[in-house]
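# Observations on the three-dimensional arrangement
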Amino acid sequence: MNIVVMGCGYVGLVTGACLAEMGNLVTCVDSDARKVAQLRLGILPFFEPGLESLAQRNSQQRRLSFTSDPRAALADAEVVFIAVGTPPLAHGGADTRHVMASAVEIGQHMPPGCVVVNKSTAPVGTVQRIRDVLDRAAAQRGLTYSHDVVANPEFLREGTAVHDFMNPDRVIIGSDGERAERVMRGLYAPFVRNHERLIVMGVRDAELTKYAANAMLATRISFMNEMAKLCDALGADIENVRRGIGSDTRIGYSYLYAGCGYGGSCFPKDVRALIDMARQAKVEPNILAAVTRTNEAQKQWASEVIAERYGHRLQGRRFAVWGLSFKPNTDDLREAPAIAIIGDLLAAGARVLAYDPVAMPRAREELPAAWLVSGALQFADDPYLALDGVDALVLATEWKPFRSPDFDAMKARMRGRLIVDGRNQYEPQQMRALGFEYCGVGRGAALAQVPETTAWPVRCAEKAGVATV
């Protein structure tokens, strides 16, 4: 098929490259001419394992191309995907301006019979709005055909997105027409040949399914973080609790890990957008609101551990932070717990040495310039160099190289012995036997509660206008 993907961001590039890999002719369109030029050279704007080689191979074999000209790209399109960003608005709702702008461009240039697919995460009712735009554009062009518009939400995990697209758990198709359903079944047939994983439902059902899925996963994380606080208070170990409840087949183990909070481009944004949708529909989303509040509090967990150990005034203290991205195998810093932790430490007067295997170049570009210019935040070329003279190490992202480090080398470089394990990568007894002062999330070492009246200084991130959860 001749396929056009509107948007060369994370979802657009993964979608385009994977569809091209199956023999389709795919053109990815983006208004950013510089990004298009880089993509033509095989340079991706973000890190995602396996995607760069996949895109380069299909570009070389002329199945995947990039352009800033929607008119030429859409001339012979059979299927057009909308895969542009829907950033959060101030009140938490999703900003669909880019989606609707893409719909306008598609309406101006699409050929008759083309199926339009919305893959952007957008509120319920967006597909109908896209259809209305296309109908108006058709009338202006003197055309009378009806438009097939489909909801096809993405369920890609950063770090495993190529695998997720090529081996989907499910493909959700929201369609009101038999022809559009037929086209989508044919398009996805190579990806679901071994098992019937394509689920067809109503358009509004599919739009809501995406939000409900992310909200459910976020809820599991926040629930475990709340249980972790209870474990600390009662002297229990969240890891044993996790194994105990995860063994129940009705619950399972996925997303049952306590930690220093969730981040990224999906969970925080989508939960807030779902809250906004619910309130617009006059439904009070009590559980979703609690999920968000719990996550906001959890991002201060590491800072509170350090405050309990060293106090709230940290002038003259140095801390190492291992991991900057919100999860391993990505360089995405959006709403990453590490950034909130660093902001708290800097606001309290500390200096921070940070290391991440992939995300440091992006961090230099995106973090507040004041953090870097002042020298309060520095990046190390090696995880062990980040430990030189520090009072404590905060493990914020569970990259594989951090799982089995050289603990003797760590002790030789650190001034203090405190390890604040925000991802529960280490065993408390082992760490203490090695001579470390260790604190994991809900590992049974109850912390004295930080008085509610004692607030951390205003976060540097907030002062700089950087979004935090």
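First things first, this report covers the structure right here in the doc. (Residues numbered from 1 in each chain as written. Predicted model: local features only at pLDDT ≥ 70, side-chain atom pairs only at ≥ 80, totals over all residues. Heavy atoms only, no water.)

We now examine the overall build of the protein. Along the backbone of the protein there are 19 helices and 14 strands. Its C-alpha atoms give the protein a radius of gyration of 24 Å, within 12% of the compact-globule value 23 Å for 469 residues. The principal-axis extents of the C-alpha atoms in the protein amount to approximately 75 × 45 × 45 Å. The burial tally for the protein puts 55% of its 469 residues in the buried class. (Helix = DSSP H or I, 4+ residues; strand = E, 2+ residues; numbered from the N terminus. Rg over C-alpha atoms; globule rule 2.2 N^0.38 Å. Buried < 20%, exposed > 50% of the residue type's maximum accessible area, 1.4 Å probe, protein only.)

Taken together, the six strands give an open sheet; going across it, the order is S11-S10-S9-S12-S13-S14, and neighbouring strands pair in parallel fashion. A single partner strand is all that each edge strand has here, and the edge strands are strand S11 (377–379) and strand S14 (437–440). Sheet twist, expressed as the average angle between the axes of neighbouring strands with direction ignored, equals 20°. Relative to strand S12 (residues 392–395), strand S9 (residues 318–322) is paired through four bridges, and the arrangement is parallel. (Pairing = 2+ DSSP bridges. Axes fitted to C-alpha atoms, helices over the stretch in contact; angles between N-to-C directions.)

Let's shift gears to the nonpolar core. Counting residues in hydrophobic clusters, the biggest one holds 64 residues, and the most contacted among them are Trp322, Leu324, Leu377, Met410 and Tyr426. A total of six residues in this core trace back to one element, the largest contributor, which is helix H14 (residues 337–347). Formed by 42 residues, the second largest nonpolar core is a distinct cluster that contains Ala20, Cys28, Phe165 and Leu187. (Core = buried A, V, L, I, M, F, W, Y, C linked by side-chain atoms within 4.5 Å.)

For side chains bearing opposite charge, pairing can occur when the charged atoms are close. Tallied over the full model, the rule gives 23 salt bridges. For the salt bridge of aspartate 331 with arginine 362, the shortest nitrogen-to-oxygen distance reads 3.2 Å. Here arginine 362 lies in helix H15 (residues 360–366) and aspartate 331 lies in the loop between S9 and H14, a separation of 31 residues in the sequence. Members of the salt-bridge network, linked through shared partners, are Glu181, Arg185 and Glu196. (Salt bridge = Lys/Arg side-chain N within 4 Å of Asp/Glu carboxyl O.)

Our next topic: helix H8 (residues 178–188). Every α-helical turn comprises 3.6 residues, leaving residues that sit three or four positions apart pointing alike. Among the residues of H8, those classed as buried are Ala180, Val183, Met184, Leu187 and Tyr188. For H8, the buried positions fall inside an angular range of 120° around the axis, keeping them on one side. Along H8, the residues that are exposed and aim more than 90 degrees away from the buried face are Glu178 and Arg182. (Arc of directions from axis to C-beta.)

Another point: helix H11 (residues 267–280). Look at H11: 20 Å from first C-alpha to last across 14 residues, which is about the 20 Å you get at 1.5 Å a residue. The buried fraction of H11 is high, at 11 of 14 residues. The inward-facing, buried residues of H11 contact helix H9 (203–234) and helix H12 (286–298). (Expected span 1.5 Å × (residues − 1). Contact = heavy atoms within 4.5 Å.)

Moving on: the packing of aromatic side chains. As enumerated under the stated definition, the model contains 12 aromatic pairs in all. Taking the centre distance of 6.2 Å and the plane angle of 35° together, the rings of phenylalanine 165 and tyrosine 188 count as tilted. One end of the pair, phenylalanine 165, is in helix H7 (residues 161–166); the other, tyrosine 188, is in helix H8, and 23 residues separate them in sequence. Relative to tyrosine 384, the ring of tryptophan 322 lies with its centre 6.3 Å away and its plane at 85°, an arrangement referred to as edge-to-face. Placement of tryptophan 322 in strand S9 and of tyrosine 384 in the loop between S11 and S12 is noted, with a sequence separation of 62 residues between them. By relative accessible area, which is 0% here, tryptophan 322 ends up buried. For tyrosine 384, a relative accessible area of 21% corresponds to the partly exposed category. Taken together through their ring pairs, the aromatic side chains of Trp322, Tyr355, Tyr384 and Phe402 make up a single cluster. In this structure, arginine 170 packs its charged tip against the face of phenylalanine 155, placed 3.7 Å from the ring centre. (Phe/Tyr/Trp six-rings, centres within 6.5 Å; stacked < 30°, edge-to-face > 60°. Lys NZ or Arg CZ within 6 Å of the ring centre and 35° of its normal.)

The buried count for strand S1 (residues 2–6) comes to four of five residues, which makes it a mostly enclosed element. Pairing between S1 and strand S2 (residues 25–29): five bridges, direction parallel. If you follow asparagine 2 over to S2, its bridge partner there is leucine 25. Running through helix H1 (residues 10–21), the crossover from S1 to the neighbouring parallel element S2 is right-handed. (Right-handed = clockwise from strand over helix to strand, strands pointing away.)

What follows deals with the pairing of strand S6 (residues 148–151). In S6, alternate side chains face the same way, and those of Asp148 and Val150 on one face and Val149 and Ala151 on the other are all buried. Taken together, the four bridges between strand S5 (residues 115–118) and S6 define a ladder with parallel strand orientation. Each residue of the ladder has a partner; that of valine 117, found in S6, is valine 150. Considered for its hand, the β-α-β crossover made up of S5, helix H6 (residues 126–140) and S6 is right-handed.

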